[in-house]
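Here is what each chain is made of, one letter per residue.
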Amino acid sequence: MIGLISATAAGAAARDRLAAAWPERTRVYEGPVGDAVRRAFAECEQLVCFLATGAVVRLVAPLLGDKAADPGVVCVDEGGRFAVSLVGGHGGGANELAREVGGLLGAEPVVTTATDSVGLPGLDTLGFPFEGAVATVSRALLDGEPVALETELPWPLPPLPTAPQGSYTIRLTDRDIAPGDREVLLRPPSLVVGVGSSKGAPVDEVLGLVEDALRDAGLSVRSVAELATVDAKSAEPGIVGAAERLGVPLVTYSAEELAGVEVPNPSVAPLAAVGTPSVAEAAALVGGGELLVPKRKSGARPAMATCAVVRRSGRGRLAVVGLGPGARDLLTPRARAELRRASVLVGLDQYVDQIRDLLRPGTRILESGLGAEEERARTAVAEARAGHAVALIGSGDAGVYAMASPALAEASDDIDVVGVPGVTAALAAGAILGAPLGHDHVSISLSDLHTPWEIIQHRVRAAAEADLVVTFYNPRSRGRDWQLPKALAILAEHREPTTPVGVVRNASRPDESSRLTTLAALDPATVDMMTVVTVGNTATRNIAGRMVTPRGYRWQEGDR
């Protein structure tokens, strides 16, 4: 819960905007400011104070205890210009909260945490349990000291400016080892513990069995992602209690699902009891992985619990990111977040140049020139399969004449794929021209490099006959100068010569240009590959120099 505190009418107005936007996340604290801050500090995970920073410092200073447990505090000035991460930037989540508040209120987030200020992710904010010298290794990263990254199993990580060797180390491991003086251990959620038990098995027996099995195998309990069992044991107190005390979810599967899993140690006892020859091993293995600890019984007499441990590698992540038409302010916040999250960036060299300054230090860039689209798709998928967090970029929307389709043709279900939409060239051009896409419309690429002209011509004719507004991508190049005239001629068979046509070059970029002409007057020689051509339908009109296609036809009938 986020506590909201204000002292003036101006502060209350901004406070109420936040409360209205996040009704489930926030609680307004009324009354004297000192009392409100003390109550919120004790009851909430985070605070947003619409007060002067000096006042908030004096109010929260006596309340501070442990930075790992204190709530994060964000201070917003009464003018709503700045959202300052004041306390608990990482541990309390104040840095991210300041960005969220800033985005909602139109305030500038102010984050002074050293790693965040230079674009480095904090080692304590990566989402993994961690151990070791976080401050020491973080300082080494900030100072440009060589810090080695040792990943003992594939797992997607954000970019880190690490070196092959160094006197400082970041180690991703699920082994039960102690960190060195200059080392940080990151604990990935790689271990799945399958458990079975007799009815009434004590929680201490189940938990003790799990902890003993992990310790004897040299595995860290902090890397346990979940306990898994059969549906029939979903409410068994000993298993439920063990999951709660480990702080992990309990995942259950049907006996039929578990019976279909091949295991090394099946037994007739669970088959008779719950309908599957294996509970612990099968529940651990149902999602795949390497069996590290085969079925093991507890030491009680009689033994009432069994467990098995499986290691699963992290699934690589491929984000297919649309950068929009080129203007920085048309790059979506989600796209920015994915660019900063990816440790590997794959893209066309000229598109990489557009967003290079947004990448975090340590991002590995794999760029290539025009014509290498399929190779870029294969490279991005291969990097994701190797366990990396990958961003594959394209202009406009990556799913529209861009990289999503070749990448997804290569990808299988062994990686996670995320699509990040972008503003397309057709939409950017439409906004410049007016409202040409107000009714049904279609986009057609005139490039015959991948599609035979006979098929393109058929599609143009179908759009003409259906009276659709048509946006032509890739309309003309030096080697393809005849397709656009032929396409316009097909449209002219079904539309008046005065039909409005919009021509936009480099939409949203510094050298953007646009003009509104007609089907008869358009000179194809003035069009190139950087141009989008939008041809109206029979209802499209030039209204005050803007291209407008009405949402319906009826409204024009009275004007004729």
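Higher on the page you've got the structure.
The structure displayed is predicted, hence computed values, not measured ones.

The rules behind these values
Residues numbered from 1 in each chain as written. Predicted model: local features only at pLDDT ≥ 70, side-chain atom pairs only at ≥ 80, totals over all residues. Heavy atoms only, no water. Helix = DSSP H or I, 4+ residues; strand = E, 2+ residues; numbered from the N terminus. Buried < 20%, exposed > 50% of the residue type's maximum accessible area, 1.4 Å probe, protein only. Contact = heavy atoms within 4.5 Å. Lys, Arg positive; Asp, Glu negative; His and termini not counted. Charge placed at Lys NZ, Arg CZ, Asp CG, Glu CD. Phe/Tyr/Trp six-rings, centres within 6.5 Å; stacked < 30°, edge-to-face > 60°. Polar contact = N/O pair within 3.5 Å; in protein donor to acceptor, adjacent residues only side chain to side chain. Core = buried A, V, L, I, M, F, W, Y, C linked by side-chain atoms within 4.5 Å. Pairing = 2+ DSSP bridges. Right-handed = clockwise from strand over helix to strand, strands pointing away.

(A) Layout of the overall build of the chain. Regarding its fold elements, the chain presents 19 helices and 28 strands. By principal-axis analysis of the C-alpha atoms, the chain measures approximately 90 × 65 × 55 Å. Counting across all 560 residues of the chain, residues that qualify as buried make up 47%. Sequence separation of 24 or more characterises 64% of the internal contacts of the chain that already satisfy a separation of 6 or more. Counting 54 positive and 67 negative side-chain charges, the chain places the centres of these two groups 2 Å from one another.

(B) Region of interest: the packing of aromatic side chains. Taken as a whole and assessed by the stated rule, the structure comprises 2 aromatic pairs. Ring plane angle 50° and centroid distance 4.7 Å describe the contact between Tyr401 and Tyr473, whose orientation is recorded as tilted. You can see Tyr401 sitting in the loop between strand S19 (389–394) and helix H15 (404–410) and its partner Tyr473 sitting in strand S23 (residues 469–473), a full 72 residues away along the chain. The partly exposed category is assigned to Tyr401, whose relative accessible area is 44%. We classify Tyr473 as buried; its relative accessible area is 10%. Between Trp453 and Trp482, the aromatic rings sit 5.2 Å apart at their centres with planes inclined by 75°, giving edge-to-face as the arrangement. Note that Trp453 is positioned in helix H17 (residues 453–465) and Trp482 in the loop between S23 and helix H18 (483–492), a separation of 29 residues in sequence.

(C) Molecular detail of the side chain of Ser508. Within the element layout of this structure, Ser508 appears in the loop between strand S24 (500–505) and strand S25 (513–518). Within the local environment of Ser508, its side chain forms a polar contact with the backbone nitrogen of Ala327, the two atoms lying 3.0 Å apart. Each residue touching Ser508, except ones within four places of it in the same chain, is listed here: Pro325, Gly326, Ala327, Leu330 and Ile432.

(D) Highlighting the nonpolar core. Core analysis: the biggest nonpolar cluster contains 22 residues, and Val193, Val195, Val210, Leu214, Leu227, Cys307 and Val309 have the highest contact counts within it. Looking at this core, the element that brings in the most residues is helix H7 (residues 203–216), giving 6 residues. Beyond its immediate chain neighbours, meaning those up to four positions away, Val210 contacts Val193, Val195, Leu246 and Cys307. Residues Ile444, Val470, Val501 and Leu522 belong to the second largest nonpolar core, which totals 21 residues.

(E) Quick look at the pairing of strand S12 (residues 224–230). The buried fraction of S12 amounts to 6 of the 7 residues, a majority that puts the element mostly inside the structure. With 4 bridges joining them, strand S11 (residues 191–197) and S12 adopt parallel strand pairing. By the bridge assignment for S12, Val192 is matched with Glu226. Once you follow S11 into H7 and on to S12, the crossover reads as right-handed. Two elements, S12 and strand S13 (residues 250–253), share 4 bridges in a ladder whose sense is parallel. Residue Leu227 lies in a different strand from S13, and its bridge partner there is Leu250. Following the chain from S12 across helix H8 (residues 237–246) to the adjacent parallel S13, one finds a crossover that is right-handed.

(F) Expanded view of helix H16 (residues 425–433). Every buried residue belonging to H16 is among Ala426, Ala428, Ala429, Gly430 and Leu433, and all of these are buried. Taken from the residues just after H16, Gly434 is the one with a positive phi, measuring 140°.

(G) Focus on the pairing of strand S3 (residues 46–50). Extensive coverage of S3 is indicated by the burial of 5 of its 5 residues. Alternating residues of S3 divide into Gln46, Val48 and Phe50 and Leu47 and Cys49, and every residue in both groups is buried. As defined by bridge partners, strand S1 (residues 2–6) adjoins S3 across 5 bridges and the pair is classed as parallel. Bridging across to S3, Ser6 finds its partner in Phe50. Taken together, the 4 bridges between S3 and strand S4 (residues 72–76) define a ladder with parallel strand orientation. Along S4, the bridge assignment pairs Leu47 with Val73. Each parallel crossover has a hand, and for S3 linked through helix H3 (residues 53–60) to S4 it is right-handed.

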